[in-house]
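Structural description and commentary
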Amino acid sequence: MPETTRNPLPPTDVSLLGLGAMGSALAATLLASGRSVTVWNRTAGRAEGLAAQGARTAGSVPEAVAASPVVVACLLDLPSVQETLAPAADELRGRTLVNLTTTTPDEARTLASWAAGHGIVHLDGAVMAVPAMIASREGRILYSGSRDAYDALLPTLDVWSTSEYHGEDAGRASLVDLAMLSGMYQMFAGFFHGAAMVASAGMTASDFAARQAPFLAAMTHGLADYAKVVDGGDYTVPGQQSLDFSDLSHIVRTSEEQGVDPAPIAAVQALISRQIAAGHGGEGFPRIYESLRATASRASTEGDAA
Ligand SMILES: NC(=O)c1ccc[n+]([C@@H]2O[C@H](COP(=O)([O-])OP(=O)(O)OC[C@H]3O[C@@H](n4cnc5c(N)ncnc54)[C@H](OP(=O)(O)O)[C@@H]3O)[C@@H](O)[C@H]2O)c1
């Protein structure tokens, strides 16, 4: 045997590839739950803290993969996952790969096809938590892909966060995750726009946040009612604020008058204007959903209205 060949690592329950902020939190939680863990990271020094907590460290990806029936990847993006897993495709055959690296839905499906082609069971996960929320019920990880893998691994997955399964389509967990983040970032952008408006009159962002946070929290109670209208598909249901009444051009104008870029609120106004122009001004505000939904169905709805 050549001197450089290491003996195989002893078997562990889970192997984890990627020890960034999130991967380290996932590995530490597995160790704290009593599971045995093998870890690998491109920059080897990052494994030291986990080794001190009982993790076994692998010198290569194939070595890490060969140590456990379950391999978790928590890397940067799809290319980093592909680059990392390619040399270990043979060792991965017959094992379960749980990818917790953020990808788009199509990228998750690409990884699922690659896994299927190599006889690897694949479960994709979208982490809706920051590292500090791992090991708490507050965090949530959405999964899609192999149902059998999800069911078998649930006791392990549950040590990280609240687990939620979204179906066999590997891209679905990512889609739900990114849709949730879309709502969140647009809310934040709305907050920053409001903060810039009041800053033009000398109010600090902190003063504004103290008022905006409880207001937004109260407004979110309306989401369920909006959702009922969208799901019902009838925007004429009585008792709704109409699109004509929802015209936001006075907010856009005020923003401009204060020298503040109106981009976020102007984007909302554009959605409203599109529906009013299509003849739906008397219908409820949730109708702007029709300006957004998938192109094929929108074309038919706006075509009907024209
Ligand atoms: N942190 C969060 O709050 C959070 C929340 C939800 C989802 N996520 C997702 O979780 C994943 C990891 O996030 P993180 O916060 O742990 O990121 P991070 O701290 O930046 O760590 C990135 C990890 O990826 C590795 N890596 C990057 N490029 C690589 C390559 N080409 N080949 C091999 N390894 C590579 C890094 O290795 P080196 O140490 O060698 O650089 C490191 O282990 C991301 O997809 C992220 O979107 C993170």
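That block above? That's the structure.
Below you will find a few notes about this structure. (Residues numbered from 1 in each chain as written. Predicted model: local features only at pLDDT ≥ 70, side-chain atom pairs only at ≥ 80, totals over all residues. Heavy atoms only, no water.)

**Details of the overall build of the protein**
On a plain count of helices and strands, the protein comes out with 14 helices and eight strands. Here the protein has a C-alpha radius of gyration of 25 Å; the compact-globule value for 306 residues is 19 Å, and the former is much larger. Referenced to the eigenvectors of the C-alpha coordinate spread, the extents of the protein come out at roughly 80 × 50 × 30 Å. Taken across its 306 residues, the protein has 41% of its residues classed as buried. (Helix = DSSP H or I, 4+ residues; strand = E, 2+ residues; numbered from the N terminus. Rg over C-alpha atoms; globule rule 2.2 N^0.38 Å. Buried < 20%, exposed > 50% of the residue type's maximum accessible area, 1.4 Å probe, protein only.)

**Looking at the environment of Glu107**
Of note, Glu107 is situated in helix H6 (residues 105–117). Sequence separation between Glu107 and Ala179 is 72 residues; the distance between their C-alpha atoms is 16 Å.

**Remarks on the packing of helix H8 (residues 172–199) against helix H9 (residues 205–219)**
At a closest axis distance of 10 Å, the pairing of H8 and H9 adopts a crossing angle of 135°. With respect to each other, H8 and H9 are oriented oblique. Read as a crossing pair, H8 and H9 show a hand that is right-handed. Contacts between H8 and H9 involve Met187, Phe191, Gly194, Ala195 and Val198 on the former and, on the latter, Ala205, Phe208, Ala209, Gln212 and Leu216. Split into classes, the residues belonging to the contact of H8 with H9 amount to eight nonpolar, two polar and no charged. (Axes fitted to C-alpha atoms, helices over the stretch in contact; angles between N-to-C directions. Parallel < 35°, antiparallel > 145°, perpendicular 65-115°, else oblique. Left-handed = near helix turned anticlockwise from the far one by under 90°. Contact = heavy atoms within 4.5 Å. Nonpolar A, V, L, I, M, F, W, Y, C, P; charged D, E, K, R; others polar.)

**Quick word on the packing of aromatic side chains**
Summed over all chains, the structure comprises six aromatic pairs. A ring pair is formed by Tyr143 and Tyr150, whose centres lie 5.7 Å apart and whose planes are at 50°; its orientation type is tilted. Assigned by exposure class, Tyr143 and Tyr150 land together as buried. Look at Phe191 and Phe208: their rings are 5.8 Å apart centre to centre, the planes differ by 15°, and that puts the pair in the stacked class. Of this pair, Phe191 sits in helix H8 while Phe208 sits in helix H9, placing them 17 residues apart in sequence. Exposure class is identical for Phe191 and Phe208. Each is buried. An aromatic cluster of three or more residues is present, and its members are Tyr143, Tyr150 and Tyr165. (Phe/Tyr/Trp six-rings, centres within 6.5 Å; stacked < 30°, edge-to-face > 60°.)

**Re H6**
The terminal C-alpha atoms of H6, which comprises 13 residues, lie 18 Å apart, in line with the 18 Å expected from a rise of 1.5 Å per residue. Along H6, the residues classified as buried are Pro105, Ala108, Leu111 and Ala115. On an axial view of H6, the arc spanned by its buried residues comes to 120°, and they lie on one face. Along H6, the residues that are exposed and aim more than 90 degrees away from the buried face are Asp106, Ser113 and Gly117. Those residues of H6 hidden inside the fold are in contact with helix H4 (78–85), strand E5 (96–99), strand E6 (121–128) and H8. Positive phi appears at Gly119, one or two residues downstream of H6, with a value of about 70°. (Expected span 1.5 Å × (residues − 1). Arc of directions from axis to C-beta.)

**Considering the site of the ligand**
Surrounding the ligand, one finds 23 residues, the nearest of these being Met22, Asn41, Thr43, Arg46 and Thr102. In the model, an oxygen atom of the ligand is placed 3.2 Å from a nitrogen or oxygen of the Gly20 main chain. Between the ligand and the protein, one listed contact pairs an oxygen atom with a backbone N or O atom of Leu76 at 3.0 Å. When isolated, the ligand has an accessible area of 900 Å², and the protein chains bury 77% of it. Those elements that place two or more of their residues in the shell around the ligand are helix H1 (21–32) and H4. Of the residues contributing to the shell around the ligand, the split by class is 11 nonpolar, nine polar and three charged. (Near = heavy atom within 4 Å. Polar contact = N/O pair within 3.5 Å; in protein donor to acceptor, adjacent residues only side chain to side chain. Areas by Shrake-Rupley, 256 points an atom, 1.4 Å probe, with all protein chains shown as cover.)

Shape is all these values report; function is a separate question.
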